[in-house]
Amino acid sequence: MQLSYKLVTKTIANRLQWYMSELVSPNQVSFVPERQIHDNIVVAQELVHTMHRMQGGKKFMTIKVDLEKAYNRLRWDFIDDTLVAVGVPSQLKAIIMDCISTRRSPMGDGS
């Protein structure tokens, strides 16, 4: 059933909130409740302002990289090792790995 899968993944997301500050670097804002996307806007504005004020004839360039598809390039063993390294309990880790590495429901109902 689609509903049970959504329930399991929502429960996993809620449990992982305890680990997200360890998994996500301080300069990233995604998936960490106390961080805001607006922080990145402020950082970008400060960077552009600083580059504009620099002197000495040097040229600078900023590049925005969209990493939305980066998840598709992660190896399952890297994710597994990371979950172990940050101390995710083994049962939760097993459910997470089942959810992301298979297309079937982790509840075993065949959906």
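Here the structure is a predicted model, which is why all the values come from computation and not from measurement.

Basis of the calculations
Residues numbered from 1 in each chain as written. Predicted model: local features only at pLDDT ≥ 70, side-chain atom pairs only at ≥ 80, totals over all residues. Heavy atoms only, no water. Helix = DSSP H or I, 4+ residues; strand = E, 2+ residues; numbered from the N terminus. Buried < 20%, exposed > 50% of the residue type's maximum accessible area, 1.4 Å probe, protein only. Contact = heavy atoms within 4.5 Å. Areas by Shrake-Rupley, 256 points an atom, 1.4 Å probe, with all protein chains shown as cover. pLDDT = per-residue confidence, 0-100.

Describing the overall build of the chain
Then comes step 1: In terms of regular secondary structure, the chain is built from four helices and zero strands.
Then comes step 2: When burial is assessed residue by residue, the chain has 20% of its 111 residues classed as buried.
Then comes step 3: Residue pairs in contact within the chain that sit at least 24 positions apart in sequence constitute 45% of those at least 6 positions apart.
Then comes step 4: As displayed, the chain offers around 9,400 Å² of accessible surface, 57% of which is attributable to carbon and sulfur atoms.

Re the confidence of the model for the chain
Then comes step 1: The predicted model of the chain averages 76 in pLDDT, with 79% of residues at 70 or higher.
Then comes step 2: Looking over the chain, one finds the lowest element-wise mean pLDDT in helix H1 (residues 2-23), namely 78, and the highest in helix H3 (residues 76-85), namely 89.
Then comes step 3: Confidence drops under a pLDDT of 50 for residues 105-111, and excluding neighbours within four residues, the segment shows 17 contacts in the predicted structure.

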